[in-house]
Amino acid sequence: MLITPILAAEAEGLQLLPDPSELVMGLVAFILLALILVKLAFPRINAALEERQAAIQGKIEDADAKLAEAEEAKRNFEANLDDARGEATRIIEEAKASAESLRADILAKAEAEAAQMIERAQADVAAERQRVLQELRTQVGSLSVELASRIVERELDESTHQGLVDEYIERLSSQN
Amino acid sequence: MTNILAAAEWGGEFDDVFVDINALFEFAPLFTVDIFGFELGINRTILIAWFMSALVAVIFLLAFRQPQVVPGKLQAIVEGIVDIVRTIVLEIIGPKGLRFVPILTTFFVAIFVLNLAKITPFMMLPPTGRVAWPLFLAVISWLIFVGVGIKEQGFFGYFGGIAFPSGVPKVLYVILTPIEIVSTLILRPFTLAVRLFANMAAGHILVVITMVIPWVFLPSMPVGWLLGVFGIVLGPVVFGFELFIIGLQAYIFTMLTAVYIDSSMEAH
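Please read all numbers here as calculations on a predicted model, not as lab measurements. (Residues numbered from 1 in each chain as written. Chains lettered and ligands numbered in written order. Predicted model: local features only at pLDDT ≥ 70, side-chain atom pairs only at ≥ 80, totals over all residues.)

## A word on the overall build of chain A
Stage number 1. For chain A, the helix and strand inventory stands at three helices and zero strands.
Stage number 2. The order of helices and strands in chain A, counted from the N terminus, is α-α-α. (Helix = DSSP H or I, 4+ residues; strand = E, 2+ residues; numbered from the N terminus.)

## Quick look at the packing of helix H5 (residues 101-116) of chain B against helix H9 (residues 223-265) of chain B
All names here are of chain B.
Stage number 1. The geometry of H5 relative to H9 is characterised by a closest axis approach of 8 Å and an angle of 155° between their N-to-C directions. Put simply, H5 runs roughly antiparallel to H9. As H5 runs across H9, the sense of the crossing is right-handed. Facing H5, whose interface residues are Leu104, Phe107, Phe108, Ile111, Phe112, Asn115 and Leu116, H9 presents Ile246, Gly247, Gln249, Ala250, Phe253, Thr254, Thr257 and Ala258.
Stage number 2. Its residues placed into classes, the contact of H5 with H9 shows 10 nonpolar, five polar and no charged. (Axes fitted to C-alpha atoms, helices over the stretch in contact; angles between N-to-C directions. Parallel < 35°, antiparallel > 145°, perpendicular 65-115°, else oblique. Left-handed = near helix turned anticlockwise from the far one by under 90°. Contact = placed C-beta atoms within 7 Å. Nonpolar A, V, L, I, M, F, W, Y, C, P; charged D, E, K, R; others polar.)

## Details of the interface of chain B and chain A
Stage number 1. Of the residues lining the interface, 36 residues belong to chain B; the matching set on chain A comes to 36 residues.
Stage number 2. At the level of secondary structure, the elements contributing two or more residues to the side of chain B that touches chain A comprise helix H2 (15-19), strand S2 (38-42), helix H3 (44-63), H5 and helix H6 (132-153) of chain B.

## Considering the pairing of strand S1 (residues 31-35) of chain B
All names here are of chain B.
Stage number 1. Little of S1 is tucked away: zero of the five residues are buried.
Stage number 2. In terms of strand pairing, S1 meets S2 through five bridges, oriented antiparallel. What sits directly across from threonine 32, in S2, is glycine 41.
Stage number 3. Count of turn residues in the S1/S2 antiparallel hairpin: two residues, of which phenylalanine 36 carries a positive phi of about 50°. (Buried ≥ 20, exposed ≤ 12 C-beta atoms within 10 Å, placed from the backbone. Pairing = 2+ DSSP bridges.)

## Some thoughts on the packing of H6 of chain B against helix H8 (residues 173-217) of chain B
Residues and elements named next belong to chain B.
Stage number 1. At a minimum axis distance of 8 Å, the contact between H6 and H8 shows a crossing angle of 145°. Here H6 and H8 pass one another in a crossing that is right-handed. Across the interface between the two elements, Pro134, Leu135, Ala138, Val139, Ser141 and Trp142 of H6 pack against Arg188, Pro189, Leu192, Ala193, Leu196 and Phe197 of H8.
Stage number 2. Residues of the contact of H6 with H8, tallied by class, amount to 10 nonpolar, one polar and one charged.

## With respect to the domain arrangement of chain B
Residues and elements named next belong to chain B.
Stage number 1. Under the domain assignment, chain B is made up of domain 1 (1-42) and domain 2 (43-265).
Stage number 2. Taken together, the 12 residues of domain 1 in the interface contact 14 residues of domain 2.
Stage number 3. At three residues, helix H1 (residues 4-10) tops the list of elements feeding residues into the side of domain 1 that touches domain 2.
Stage number 4. Considered class by class, the residues forming the side of domain 1 that touches domain 2 number 10 nonpolar, one polar and one charged. (Domains from an automatic or database assignment.)

## A few points about the environment of arginine 137 of chain A
Stage number 1. Tracing the chain through its elements places arginine 137 of chain A in helix H2 (residues 20-152).
Stage number 2. Along the sequence, arginine 137 of chain A and alanine 48 of chain A sit 89 residues apart, while their C-alpha atoms lie 131 Å from each other.

## A word on the nonpolar core
Residues and elements named next belong to chain B.
Stage number 1. Counting residues in each nonpolar core, the largest one holds 69 residues, and the members touching the most others are Leu104, Ala110 and Ile111.
Stage number 2. Here the element with the most residues in this core is H5; it accounts for 12 residues.
Stage number 3. Here this core spans two domains, since at least three of its residues come from each of domain 1 (1-42) and domain 2 (43-265).
Stage number 4. Contact partners of leucine 104, with chain neighbours within four places excluded, come to Val85, Val89, Thr254, Thr257 and Ala258. (Core = buried A, V, L, I, M, F, W, Y, C linked by C-beta atoms within 7 Å.)

## Some details on the confidence of the model for chain A
If pLDDT is low for a region, its predicted coordinates should not be looked at in detail.
Stage number 1. For chain A, per-residue confidence averages 85 on the pLDDT scale, and 88% of positions sit at 70 or higher.
Stage number 2. Across residues 1-11 of chain A the pLDDT falls below 50, and counting only partners more than four positions away or on other chains, this stretch makes eight contacts in the model. (pLDDT = per-residue confidence, 0-100.)

## Details of the environment of phenylalanine 190 of chain B
Residue and element names in this part refer to chain B.
Stage number 1. Tracing the chain through its elements places phenylalanine 190 in helix H8.
Stage number 2. Phenylalanine 190 gets classed as partly exposed once you count the C-beta atoms within 10 Å, which come to 15.
Stage number 3. Spatially, the C-alpha atoms of phenylalanine 190 and alanine 138 are 7.2 Å apart, while their sequence positions differ by 52 residues.

Written out as structure tokens, the structure is:
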């Protein structure tokens, strides 16, 4: 009872020829679906994907540009900082140099003044000495004449014996 | 006899199933339409196929009715599906194959939902388990990759490339030429169709048996009762396994079509 149906199933097996109605209607359904997806859905899908890609691309480019800008600003800032440091160093150097030269100037001037004062003092001293010597010479001359005239009791002619007096004084001077 | 599956689902006699396995697959036309003089019987399988195709079309159109740069849920799901196919295409064909993404996506989603009818309540019958669907899907795949081959390499360039692969000693053409022609032009679509059909037909039989086991055996104590409980426990496992097969077959069909298109685009 059970054996016969199984044998029958084996004899018939699965239907392997396509049903014409199913073939036509299935194909039509598939082609309609393909048309709807390819012609209607995919243009929108691709547009959406491209729009997103463009948006992401734009954002990436934006970020890149901002990064480049920031780096440029940083470079400028650092360059400015370097400039300012250089400027400061230069100003300090200049100040040092001018102070140094000022010091040297003052020193030189002071030395020169000192030397001048010493020279003047020496000149004054020499002139004074000369003057005193001259005065001394004159007084010693007249004193000597007066003294000699008193001793010899006679008037000596001042002008005739001036030579004698001078000679005497010279001798005195050289003895000094 | 042809109404047996409906009977099996809604409670009825299963004896005829053992007489003719086609009772699980064939249904009498519910009505007929007359197109250009051809009488077409619209049966359950065709209605399922049309319903599933319409569902896919509606989902795709709804998802991208107002596409957003930051996608909503439906758009994200559909984009994910498209991305699966894009990844297949980019890996197998490369950027020059991106123009095939729409048609390959159609293959992928159409085969997936037609397979999915196998475990969809109130349908429980995969149109791809009927010879007609795998047959025309394989023929369309064949038309596409042969068409691409002729367009890319010229008529003689393409068929010459198939019949006389380069880099082979001329003597070997005696053996190779028939093999290459048969394998490329006949076996490729044949295996595409048979792989899909056999997986879905076998899966459908497995699902029916799993569903029928509790119905048949639960009432009979005590041995049958155990078998019936086993059938109930088995149900979710089989459904999960079938879901895996459903996705896998849709993926394989799409991927192989991409592989064939790729082999048509460059001379061998």
